[in-house]
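Chain residues, written in single-letter form:
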Amino acid sequence: MLLLISFLSTMLMSPILAGASSTITLQLDRNTAMPGDTVHISGTTEAQEWVSVKAVDSTGNIVFYNAVKSGDSGNYSDQWKIREDQSKGNLSIVVGCGMNIVSRTLTVGPTTEPTPESTPTPTPTSTPIPYPTYEPPTDSSTVDQGNEGQQVITEEMLERMVRESQGADAIQIVANAQAREVVVPSKITEVVEGRNLQLSIQDIVIKIDPTNLKHMIAASENNTNKKTNLVVKVHEIPDVAQKAVLSDSPKPGLQIKAARDAVNIQLELQAQEGSNKIIQTFLKPVEIAFPYNVNGLNKELLGVYFYHKESGRLEYVGGDVSETSGKITARVNRSGTYVVAEYNRSFADVPENHWAYNTLKIMAARHIAQGVDDKNYNPSGPITRAEFTALIVKALGLKPSTGATYSDLRETDWYTPYISAASEAGLVKGSPSGEFLPNETITREQMAVILVRAYESITGKQAPSSGEHFKDQDQTSDWAEAYIQAAAGMKFMVGKGDNSFFPSDNADRAEAAQALLNMLRNQDVRTGGKR
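Residues numbered from 1 in each chain as written. Predicted model: local features only at pLDDT ≥ 70, side-chain atom pairs only at ≥ 80, totals over all residues. Heavy atoms only, no water.

Caption draft 1: Seen up close, the packing of helix H8 (residues 385-396) against helix H10 (residues 444-459). Put simply, H8 and H10 touch, their axes get as near as 11 Å, and they point 20 degrees apart. Between H8 and H10, the angle is such that the two are roughly parallel. Once H8 is placed against H10, the crossing between them reads as right-handed. Within the contact between the two elements, H8 uses Arg385, Phe388, Ile392 and Leu396 and H10 uses Gln446, Met447, Ile450, Leu451, Ala454, Ser457 and Ile458. Its residues placed into classes, the contact of H8 with H10 shows eight nonpolar, two polar and one charged. (Axes fitted to C-alpha atoms, helices over the stretch in contact; angles between N-to-C directions. Helix = DSSP H or I, 4+ residues; strand = E, 2+ residues; numbered from the N terminus. Parallel < 35°, antiparallel > 145°, perpendicular 65-115°, else oblique. Left-handed = near helix turned anticlockwise from the far one by under 90°. Contact = heavy atoms within 4.5 Å. Nonpolar A, V, L, I, M, F, W, Y, C, P; charged D, E, K, R; others polar.)

Dropping the structure here:
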């Protein structure tokens, strides 16, 4: 789905978009602070420029993010309170404007640790075994630093990484702190052996599967008859033009806020004695994990968006949030600029005390559920078979199709591509007479059937049988009985009142959104990788 964001003319000529650069300075009011303390920063840049401010801990997690605008004199300032649960250690305080970035170190905790009186031995907990990690040595004889900010992986280094990663499902490259670009030799296609290539550059983690790697490099070598290296570039955009524009929402009740600086990610092919060529689109999606800052934001409303520079549009990509890693992961299919943002949509006819208030916010943030107009959702209104099918297709990330044929579908109908995609995936079926009946209201038993089929499609598993029994089970259609039991057993849907399911009752729009969210939150579905 494309979200049209109107650009202010001044933002079109912002330094990062126009290629200009603004000098910037940074001062901290202290070098050491304790959890709960308020830290003040200040500095100078050009007049009336946006400055991004963030604090990053030693693990790469963003613990604070904000944007401030300098005054007429070029002075800017900001402050924030260090969380009470902030771990002791160093924080990198980073500010940016245009192409310039400045950082300072802030130590959280006393400079000298007191000797503890006695420390109980912690109870061991099981942790997953991490990928073997090879951090390139700093010896100039084995590391080619290439251009400034670029790190070149030699064939010798790559072979060592492969040996050290035996048994892992990825060959991992961790770039040095200064690198924003990593050059991987063409030999990677010979040694990858069905494993992923995982690169950690700055605070971004990029995972490329072997099919992509071989396709990218082989296609270039076939065309040029030259060995081709893969160049992966990660450049954070410290200017906050996107953040300012995102705040200027085109819909009533909608607020969009950035959760970090925008990041430009490019995969390029580098032929020997030739120029680099950007890989615009990928054969298969590339997995990218972005650290985010949830300070004041709702993590369930976060998503990753592709930024169309020329038109100012934001296109929703998706994203799975991990509280453990503090990252949101999305599968992207092209090089370009990405924004992590909170999409906070409210509907005029869904007050905060409505039972589906949070559900509808989440489903709107995932760009699955939409209102009936710019202001209202009509939560108690009926939902048709076509409308629910469209929700399922969006939730599963299926590509709209034109393959299915039902006698009552026309190519010009908005729902035909969704119904075709769902039919090809085996999620929906028509009537015995060959019709789909798209405009009929969907019943609860029909909804249960589609939800369970979606679960099986995502997980590749047969839905578990359940002993759930409802008082009105004798009113259930024979073809729906097992599906209702499975849907109830997995808590996709529940009974009403005195343990009745009301299978032939029409579902409403809020009920449909809740049932679909329940399915998406199922643990098997979340690990199925098709959000």
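Caption draft 2: Structural context of the sheet that holds strand S11 (residues 170-174). Pairing in this open sheet of six strands is mixed, and the strands run S11-S13-S14-S19-S23-S22 from one edge to the other. Of all strands in the sheet, those with a lone pairing partner are S11 and strand S22 (320-322), marking the two edges. Recorded for the sheet is a direction-independent mean angle of 20 degrees between the axes of neighbouring strands. Bridge count between strand S14 (residues 204-208) and strand S19 (residues 281-291): three bridges; the pairing is antiparallel. Among the inter-strand pairings, valine 205 is bridged to a residue of S19, identified as alanine 289. (Pairing = 2+ DSSP bridges.)

Caption draft 3: Main features of the nonpolar core. Grouped together as the largest cluster of nonpolar side chains are 72 residues, with contacts concentrated most on Phe388, Ile392, Met447, Leu451, Leu516 and Met519. Broken down by element, the residue count for this core peaks at nine residues, all from H10. Not counting the four nearest positions on each side in its chain, phenylalanine 388 is found in contact with Ile383, Ile442, Met447, Ile450, Leu451 and Ala512. Ranked by size, the runner-up nonpolar core spans 47 residues in total, among them Ile153, Leu199, Val286 and Leu302. (Core = buried A, V, L, I, M, F, W, Y, C linked by side-chain atoms within 4.5 Å. Buried < 20%, exposed > 50% of the residue type's maximum accessible area, 1.4 Å probe, protein only.)

Caption draft 4: Here's a closer look at the environment of threonine 402. On the secondary structure map, threonine 402 appears in the loop between H8 and helix H9 (416-424). A relative accessible area of 71% means that threonine 402 is categorised as exposed.

Caption draft 5: Geometry of the sheet that holds strand S2 (residues 27-28). Across the sheet, three strands lie side by side as S2-S4-S7; this open sheet has antiparallel pairing. Strands with a single pairing partner mark the edges of an open sheet, and in this sheet they are S2 and strand S7 (75-81). Direction of pairing for S2 relative to strand S4 (residues 38-44): antiparallel, over a ladder of two bridges. What sits directly across from leucine 28, in S4, is isoleucine 41.

Caption draft 6: Highlighting the packing of aromatic side chains. One pass over the structure, following the stated rule, counts nine aromatic pairs. Between phenylalanine 290 and tyrosine 338 the ring centres are 6.3 Å apart and the planes differ by 45 degrees, which places this aromatic pair in the tilted class. Note that phenylalanine 290 is positioned in strand S19 and tyrosine 338 in strand S24 (residues 336-345), a separation of 48 residues in sequence. Comparing phenylalanine 290 with tyrosine 338 shows no difference in burial state: the two are buried. Between tryptophan 414 and tyrosine 415, the ring centres sit 5.3 Å apart and the planes meet at 75 degrees, which makes this aromatic pair edge-to-face. An aromatic cluster is built from Phe290, Phe306 and Tyr338, whose rings are joined through pairwise contacts. Over the ring of phenylalanine 306 we find arginine 334, and its NZ or CZ is 4.1 Å from the ring centre. (Phe/Tyr/Trp six-rings, centres within 6.5 Å; stacked < 30°, edge-to-face > 60°. Lys NZ or Arg CZ within 6 Å of the ring centre and 35° of its normal.)

Caption draft 7: Main features of the confidence of the model for the protein chain. Confidence along the protein chain averages 82 in pLDDT terms, with 84% of residues attaining 70 or more. Across residues 1-21 the pLDDT falls below 50, and counting only partners more than four positions away or on other chains, this stretch makes 55 contacts in the model. Within the model, the stretch residues 111-145 combines pLDDT values under 50 with 37 contacts to residues more than four positions away or in other chains. (pLDDT = per-residue confidence, 0-100.)

Caption draft 8: Highlighting the packing of helix H7 (residues 357-365) against helix H12 (residues 509-520). Between H7 and H12, whose axes approach to 10 Å, the crossing angle comes to 65 degrees. When the interaxial angle is binned, H7 and H12 end up roughly perpendicular. At the point where H7 passes H12, the crossing takes the left-handed sense. Of the residues in H12, those touching H7 at Thr359, Leu360, Ile362 and Met363 are Ala513, Gln514, Leu516, Leu517 and Leu520.

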